[in-house]
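Observations on chain architecture
Take a look at the letters that make up each chain.
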Amino acid sequence: MKKYNGLFYSKCSVNDVSDILETNLESGLTQEEITSRQKLYGPNELSVRPSTSKITILIRQLKSIIVFLLLIAAATSFSIGHIVEGFTVIAVLVVNTALGFFTELKAVRSMEALKKIGVTKCGVIRQGQIFHLNTKELVPGDIVIFEAGDILGADLRVAQANNINVNESILTGESAPVDKVSEALEEDTILAERSNILFKGTSITRGSGKGIVIATAMDTEVGKIAKEVQGDAVNKDETTPLEKRLNKLGGQIVWFSLAIATLIAVSGIMAGKAPVLMLETAIALAIATIPEGLPIVATLALAKGMWRMADNNALINKLAAVETLGATSVIFTDKTGTLTENKMSVQLFKTLHTVFHMNNVEKNKDERELRRLLEIGILCNNSEISQEKKSHNIGDPMEIALLSIGEDFGLVRAKLLDQLPELKEVPFDSSTLMMATYHMLKEEDEETILVAVKGAPEAIISSSTLIRDQSEDKIFNEELKSEWIKENHTLASDGLRILALAEKKVKSTEDGPYNDLTFLGLVALLDPPRSDVKEAISKSNEAGIKTIMVTGDQEGTALKIAKDIGLIGPDNSYSINGKNFGPQQDWSEELIKKIDKTQVFSRVSPIQKLDLIKYFQSKNAVVAMTGDGVNDAPALKHADIGVAMGQRGTQIAKEAADMVLQDDRFNTIILAIKQGRIIYSNIQRFVVYLLSCNISEILIVSIASLMNMPLPLLPLQILFLNLVTDVFPALALGMGEGDASYLKSSPRPRNEQIITKRKWGLISLYGIILTSCVLSGFLYTLKTTGDDQTALTVSFLSLAFGQVFHVFNMRLENSNLFVNEITKNIHVWGAVCLCTVLLLATIYIPALRNILSLKLINLENWKIVTYASLSPLLIIQVLSKFKLGIRI
């Protein structure tokens, strides 16, 4: 059977489609046909990204140049018989890999669980009977029956339409439901205008009908977008900015390590020292250079950030993506559901002389004009409100809003229909732009029929001959009609969606509904902004982040919401309509200038979203993109951080995203960005701490070797320092929780390195101060005792405690000496206490003391250790008082 696309079927008659797909509208397919087509087309399910294997996650943890260098160090230690050192390095790798593996595995499995497809069933006619089947079993040619509330499981050609209204927002981005018909279309149409085609994943909001399955699985319009997303995933470099920076830093460390080790070894051998001694010294330097704790601390800092974000309803897909959020400089956000509540609400009713604002009207006040408008809006309505759960409401959002506001005033549709039974309904028609219902009305013992009408203001105003003026009606002349048309445009320009309400009385249901109407007034509706969005936008502006609204909705609505939430100023009415700019390659210089200063884009297509993202990325912006529909998936995948909606987001959108908002709130994005900035600041802080400690170890060993002195530190001692006195304080720095100040500065540049030139200067300065104090203690002890091992022990302890106290030098430039981020961090105090206990254990536990080649020292030696270890802290604190810029 030959495959045709939706455009082809839209121009065919129902009978032609039935013939092409070899099916019968009344009896459906036979069992033999079903079996053969299931073999031909396969199950009706999307081929989503396969589950991430444990091996893939494990390999991610090992793709680091620092890990590679540690493996080399371990192999070299084994080769020269330093078994303890070798196994110690291997233990570091195992711990780091396990931490990263289990943390990311948990995150990936959480995302996969979130993205699972729920079981959807539908009514299908097969062999002349109606079956309720899993949509996974559908095949082309199946006859599907549907009604309001159903979610469609395949692409269908409408064969029978009974007042069908469909929400296609997940595919087209348009929030307003669209009508569907069964007649063939005469011209080629774009996807959003194929009024006789129903698409997989869209939902029926009103009416019922029958359709022929024309495409399943990856052949559906949703499936085609899924293919694009998968193709983009293959081509996209998914290495995050943090991973790139850590890899670059690791490469710098590798070359620095090799250069130092080679220089010292060669110079020593040339000076006549034993090659074995020089090789041991080179290993000591290599181990001193490598920040063994860096992978562990970076992994745990990111994991901690991931857990904090999860607590705030932001589920992260990949560990290193946590930090990328902190670099975000541009947020592209959808309007409906992210910035707004995703539900229509009535803002006001307008009659000839009165405007009833819903936030000012007393609900129990008897306003006759208002009550009549409410009654007509409730009667001329075929939606349903669930009394148990709002999410189960069925029907057009505007009709649901009319029912809701009616209930607020004590008007319930069921009770109203008991008083005014419905006799007939004339469905909304796109040619008339109106809908009407007929109701039995008793007046003075005489039965009359009330016709309730609602629809587009222009249509109802044109069809009206009278206008209600409080308790009486008067002629609705052309001058008055022009004024109401103007009022309609004024309200619409405020971003409100407008309906007109009218009525008439007739003797029979055969009388036409749309002539000689009595115009009652207008009702204005709005999808209101979320209550916390305005504050979140303010925080975003303060943080130097440009927030841009990209929506498929109309320009007026977008501008109104943008003003209400503070995205643009009250006098700013500047936006760009999607129809006014084409593909990116055709953009003019003038258009680019407009795009640079625009924060509201309306009627934007998925392709245009992609073009906007690529444009801002070309300007070195780190772009976050929010979305929920299938049409958003390609843009979500291409953005630096794709953010999908957890509550209303489609499976494909979640599949494409890096982060899923489980509460769908824009404010959650800002909280996640704050966490990303805190994490990056913590990473910078502990990297400076670790590298300054390592620099001091390198300088101590190098100076001693060049001056032909005994080694002040041995390889295993250095490894112990790097894994104990370095890691725990660094880990505590990585756990810092930050404060509101992190959202009061501009985003860092996209290409900024973790360690800037200024920070390399600080690392060197800190290392030199630590080295000077420790070598002073070492030389003094060596001179006064003449014992190499005592001097070695004093040197080891001085550097160890000096590095522990050095954590207090990591406070910010303008922070208080005694009350700051470091002193308020309970983890720092825990690390200091733990390291103190462990260092005392190296002296007073014989087995550990022997392994590290240390010895017991007396009180005088301890005094030297105290002076040498506290001096760096005091010197740096004193220097900072002179405002020399030596703080982080």
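You'll find the structure just up there.
Report on the accompanying structure. Given the structure is predicted, the values throughout are model-derived calculations rather than measurements.

With respect to the sheet that holds strand S20 (residues 576–577)
Hydrogen bonds between backbone atoms are what pair the strands of a sheet, whose relative direction is either parallel or antiparallel. Taken together, the eight strands give an open sheet; going across it, the order is S8-S24-S23-S22-S9-S19-S21-S20, and neighbouring strands pair in mixed fashion. The sheet is open, and its two edges are formed by strand S8 (314–316) and S20, each paired on a single side. With two bridges connecting them, strand S19 (residues 546–550) and strand S21 (residues 600–602) associate as parallel partners. Within the sheet, the bridge partner assigned to Val-550 lies in S21 and is Phe-601. Against the sheet, helix H19 (residues 555–564) makes contact with S19 and S21, and its axis sits at roughly 155° relative to S21, the strand it touches most.

Here we look at the nonpolar core
Generally speaking, nonpolar side chains in soluble globular proteins are found buried as a group. The biggest cluster of nonpolar side chains holds 136 residues, and the ones touching the most others in it are Val-453, Trp-484, Phe-519, Phe-666, Phe-686 and Phe-796. Counting residues per element, this core draws most heavily on helix H24 (residues 666–706), at 18 residues. Those residues in contact with Trp-484 that lie beyond four places of it in its chain are Lys-350, Thr-351, Leu-352, Ile-461, Ile-467, Phe-476, Phe-519, Gly-521 and Leu-522.

Concerning the packing of helix H13 (residues 368–379) against helix H14 (residues 397–408)
Where H13 meets H14, the axes come as close as 9 Å, and the angle between the chain directions of the two elements is 135°. Put simply, H13 runs oblique to H14. In this structure, H13 meets H14 at a crossing whose hand is left-handed. Across from Leu-374, Gly-377 and Ile-378 in H13, the residues of H14 making contact are Leu-402, Leu-403, Ile-405 and Gly-406.

Details of the packing of aromatic side chains
Considering all chains together, one arrives at 13 aromatic pairs under this definition. Here the aromatic rings of Phe-78 and Phe-87 are separated by 5.0 Å at their centres, their planes lie at 75°, and the arrangement is edge-to-face. Looking at Phe-78, the relative accessible area reads 31%, which means it is partly exposed. Taken together, a centroid distance of 5.1 Å and an interplanar angle of 50° make the contact between Phe-808 and Trp-829 tilted. Of this pair, Phe-808 sits in the loop between helix H28 (788–805) and helix H29 (826–844) while Trp-829 sits in helix H29, placing them 21 residues apart in sequence. What makes Phe-808 buried here is its relative accessible area of 15%.

Thoughts on the pairing of strand S22 (residues 623–627)
The element S22 is largely enclosed, with a buried count of five among its five residues. As paired strands, strand S9 (residues 330–333) and S22 are joined by three bridges and run parallel to one another. Bridging from a neighbouring strand, Phe-332 pairs with Met-625 of S22. Two strands pair when backbone bridges link them, and S22 and strand S23 (residues 641–645) are joined in this way by four bridges, in the parallel orientation. Within S23, the position partnered with Ala-624 by the bridge is Ile-641.

Thoughts on helix H17 (residues 478–493)
The end-to-end C-alpha separation of H17 is 23 Å, in line with the 22 Å expected for 16 residues at 1.5 Å each. Residues of H17 that are buried: Leu-480, Lys-481, Trp-484, Asn-488 and Leu-491. Looking straight down H17, one finds that the buried residues subtend no more than 100° of arc, so they occupy a single side. Facing away from the buried side of H17 by more than 90 degrees, the exposed set consists of Glu-478, Glu-479 and Lys-486. Check the buried side of H17 and you find it contacts strand S10 (345–350), helix H16 (457–463), strand S15 (464–469), strand S16 (472–475), strand S17 (497–506) and strand S18 (517–526). Taken from the residues just after H17, Gly-495 is the one with a positive phi, measuring 85°.

Reading guide: rules and limits
Residues numbered from 1 in each chain as written. Predicted model: local features only at pLDDT ≥ 70, side-chain atom pairs only at ≥ 80, totals over all residues. Heavy atoms only, no water. Pairing = 2+ DSSP bridges. Helix = DSSP H or I, 4+ residues; strand = E, 2+ residues; numbered from the N terminus. Contact = heavy atoms within 4.5 Å. Axes fitted to C-alpha atoms, helices over the stretch in contact; angles between N-to-C directions. Core = buried A, V, L, I, M, F, W, Y, C linked by side-chain atoms within 4.5 Å. Buried < 20%, exposed > 50% of the residue type's maximum accessible area, 1.4 Å probe, protein only. Parallel < 35°, antiparallel > 145°, perpendicular 65-115°, else oblique. Left-handed = near helix turned anticlockwise from the far one by under 90°. Phe/Tyr/Trp six-rings, centres within 6.5 Å; stacked < 30°, edge-to-face > 60°. Expected span 1.5 Å × (residues − 1). Arc of directions from axis to C-beta.

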